[in-house]
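# Structure at a glance
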Amino acid sequence: MSDTTKNNRYLCADLLACLGVILLLALQYIQATGFLEEPVNYESTPHIAVRWFCLSGAMLLSACMGFVASEKYISWRSFKPLLRLGYIYIICSLCAMLMQKVMLDQEIDSHIILETLSQFTTTDTTKFIAMYFALILAAPFLSAAFRDLKTYQARFAFLAISAGVSTLQPMLIISGKYLLPEWCKLLAPIAGFVGGAFVKCYAKNHSRILWFFLLLLVSVLQTVSVVFICTERGCLYYPQFDSMASLPSLIIALLILSLFHSKNYGDSGLHSFFAGASGGTLSALILGDIMIDFLMPSIAENFPDTKNLLFVGFLAVPVIFILCCTIGLFLQIPIFIVHAVTDDVYEEDDEEDEDDDDEEELEKPEKIPVQKQKPIRALDPIEVVSSETVSIKYKSMKRVQEPTALVPIRESIPKAEPVNKPVNKSEHQASLDEILKEQKISAISTKDSISVDELIAKITK
């Protein structure tokens, strides 16, 4: 990963992680108000819709993790977050048990502390920390399996199989007996992880209006089904949908992620706020339940009506979330200090390595690149006739595919201009006797008297 990917985070993942924890805390708030024990009528429809929407919080968290970690490869860095997560879990669990002893007067000893830490039973929402542990351990292998499936159909089949095995387990019930074993629903976070990776790859191919319409449609159909059945029964009991691992919860979580998905990194003030808040979400999962139990008596005293009490939850739950995140960030100060020191050491080592590399490059003599000579192409000879010598010239092998006319070679060759050379008398001067022999004239003695005109006439005869 590059430096940009190390220092930046997905804004949509941080925002939706905060939303997922808020939904889980809202679910605990609704349960603390006693709404589940009250009779159900058609006036309870908005509250039922809110509760069933909050059931998708756990799937939303696992989908966000799949969205972020789907491109990571198997290495020791993949398991590095376990150190920070383990520290947060231990320190926040100890803080939560201390709060339970001080504020709720619960008895705590060393045996209870060890048992609580080993079984993730500090609060009702602490079990989602165990889900985080499991997903971090399985994330590199799930990501590798998802990447190896290259086509859309293969990846969709992977999502459908994981969702069918896990999310259909709570829904396939007949006469109080489940058709699938109960451990199958423990695989529901895997379906959420695969769904988050699937959304990251293919959600951009459709409009956000479509995702919003599908989200509204699924929520309405689920609420109508629950209200219609539970009104006849007189109580809020619908086990087929009343589970965080059910198929409607997974669908709603993936539609929310598809609606807000974005692959862009951000460094704005809003992004910094949600990045810091997402760092404290794990603390909110542990401490939020205790804060709700502690504040609920005073809130119920001021708002005795259940409807008003549920309405106050829209303000109380975000405040509790922010308070728990703040406490969690303060508890992580030692981690931040260690992280800052180690980052500075790594940066100094990297700078020293870069300086050493630069010095080595300067010391090395520059190598002059040797150009390879291209092979000489074969040329066709053409005879060129000159007045004195015969020379051979070569033309390129570039041939014309379909010549339209044939041109004689000698016409295409420019005529050589005569070259005036100095005449050597010793070489070219011929005697009179040789000239007479060539003209087949008998030699004339120099003693004989003959006129020049007669001699010329004989030669030119």
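Here the structure is shown first, and the text comes after it.
The structure reproduced in this document is the subject of the present report. Note that the structure is predicted; figures quoted are calculated from it, not measured.

The rules we used
Residues numbered from 1 in each chain as written. Predicted model: local features only at pLDDT ≥ 70, side-chain atom pairs only at ≥ 80, totals over all residues. Heavy atoms only, no water. Helix = DSSP H or I, 4+ residues; strand = E, 2+ residues; numbered from the N terminus. Buried < 20%, exposed > 50% of the residue type's maximum accessible area, 1.4 Å probe, protein only. Contact = heavy atoms within 4.5 Å. Areas by Shrake-Rupley, 256 points an atom, 1.4 Å probe, with all protein chains shown as cover. Core = buried A, V, L, I, M, F, W, Y, C linked by side-chain atoms within 4.5 Å. Polar contact = N/O pair within 3.5 Å; in protein donor to acceptor, adjacent residues only side chain to side chain. Phe/Tyr/Trp six-rings, centres within 6.5 Å; stacked < 30°, edge-to-face > 60°. Lys NZ or Arg CZ within 6 Å of the ring centre and 35° of its normal. Salt bridge = Lys/Arg side-chain N within 4 Å of Asp/Glu carboxyl O. Patch = residues over 30% accessible without salt bridge, like charges linked within 9 Å, V, L, I, M, F, W, Y side chains within 5 Å. Expected span 1.5 Å × (residues − 1). Bend = angle between axes of the 7 residues up to and from the residue. 1 Å grid on protein atoms, 1.4 Å probe; cavity = no way out; pocket = protein on both sides within 12 Å on 5 of 7 lines; lining within 4 Å. Points joined across faces, edges and corners; volume = space filled by probe spheres on them. Axes fitted to C-alpha atoms, helices over the stretch in contact; angles between N-to-C directions. Parallel < 35°, antiparallel > 145°, perpendicular 65-115°, else oblique. Nonpolar A, V, L, I, M, F, W, Y, C, P; charged D, E, K, R; others polar.

From N to C terminus, the protein chain includes 19 helices and six strands. Sorting the 461 residues of the protein chain into buried and exposed places 35% on the buried side. Within the protein chain, counting contacts between residues at least 6 apart in sequence, those at least 24 apart form 79% of the total. Entry remark: accessible area of the protein chain is about 29,700 Å², with carbon and sulfur atoms responsible for 61%.

Moving on, we come to unusual backbone geometry. Phi is positive for Phe120, close to 55°, though the residue is something other than glycine. The residue Phe120 is located in the loop between α6 (110-119) and α7 (127-148) in this model.

The subject of this paragraph is the nonpolar core. A general tendency of soluble globular proteins is for nonpolar side chains to be buried together. Judged by nonpolar contacts, the single largest core of 88 residues is most densely connected at Tyr29, Ile48, Trp52, Ile129, Val226, Leu236 and Leu285. Apart from the residues lying within four places of it in its own chain, the contact partners of Leu285 are Val21, Leu24, Thr123, Thr125, Thr126, Phe128, Ile129 and Tyr132. Core analysis: the second largest hydrophobic core is formed by six residues, Phe146, Leu159, Phe198 and Tyr202 among them.

Turning to the side chain of Ser249, a few remarks are in order. Inspection of the secondary structure assignment puts Ser249 in helix α11 (residues 247-260). You can call Ser249 buried: its relative accessible area is 2%. Side-chain polar atoms of Ser249 contact the side chain of Ser246, separated by 3.2 Å. Each residue touching Ser249, except ones within four places of it in the same chain, is listed here: Leu55, Ser56, Met59, Ser243 and Met244.

Attention now goes to the packing of aromatic side chains. For any pair of aromatic rings, the description consists of the separation of the ring centres together with the inter-plane angle of the planes. In the structure shown here, the tally under the stated rule is ten aromatic pairs. A cation over a ring is seen here: Arg51 above Trp52, with NZ or CZ 4.9 Å from the ring centre.

Attention shifts here to the pattern of salt bridges. Taken as a whole and assessed by the stated rule, the structure comprises three salt bridges. One salt bridge connects Glu43 with Lys307, and the closest N-O pair in it is separated by 3.2 Å. Note that Glu43 is positioned in the loop between α2 (11-32) and α3 (45-54) and Lys307 in helix α14 (residues 306-331), a separation of 264 residues in sequence. By relative accessible area, which is 53% here, Glu43 ends up exposed. Between Asp242 and Arg51 there is a salt bridge, with its nearest N and O atoms 3.0 Å apart. Taken as a pair, Asp242 in the loop between α10 (208-233) and α11 and Arg51 in helix α3 lie far apart in primary sequence, 191 residues in all. Relative accessible area serves as the criterion here: at 31%, Asp242 is assigned to the partly exposed category.

Attention now goes to a nonpolar patch on the surface. Nonpolar side chains collect at one region of the surface, where Ile161, Val165, Trp183, Leu186 and Leu187 lie side by side and expose about 510 Å² of accessible area between them. By the secondary structure assignment, Leu186 is in the loop between β3 (177-178) and α9 (188-202). Residue class for Leu186 comes out exposed when judged on its relative accessible area of 63%.

We now examine the environment of Ala197. Counting through the fold element by element, Ala197 comes out in helix α9. Residue classification places Ala197 among the buried residues on the basis of a relative accessible area of 2%. Excluding its chain neighbours within four sequence positions, the residues that come into contact with Ala197 are Gly66, Phe67, Ser70 and Phe146.

What follows deals with α14. Compared with the 38 Å implied by 1.5 Å per residue over 26 residues, the 35 Å span of α14 between its first and last C-alpha is a close match. Its axis deflected by about 40° at Phe314, α14 carries its strongest bend there, up to four residues before the proline Pro318. Looking at α14, one finds that the buried residues are Thr306, Leu309, Leu310, Val312, Gly313, Ala316, Val317, Ile320, Phe321, Cys324, Cys325 and Gly328.

For the second largest pocket, the calculated volume is near 710 Å³. Lining the second largest pocket are 28 residues, with Ala58, Lys127, Phe128, Leu186 and Met244 sitting closest to its centre. Of all the elements in the fold, those that place two or more residues in the lining of the second largest pocket are α2, α4 (57-69), α7 and α9. With seven residues, α7 is the single largest residue contributor to the lining of the second largest pocket.

Packing of helix α5 (residues 81-103) against α7 brings their axes to within 11 Å, and their N-to-C directions diverge by 170°. Between α5 and α7, the angle falls in the class roughly antiparallel. Contacts between α5 and α7 involve Pro81, Leu82, Leu85, Gly86 and Tyr89 from the first element and Ile129, Tyr132, Phe133, Ile136 and Leu137 from the second. When its residues are assigned to classes, the contact of α5 with α7 shows nine nonpolar, one polar and no charged.

Everything listed here is a matter of coordinates, which is why it stays silent on function.
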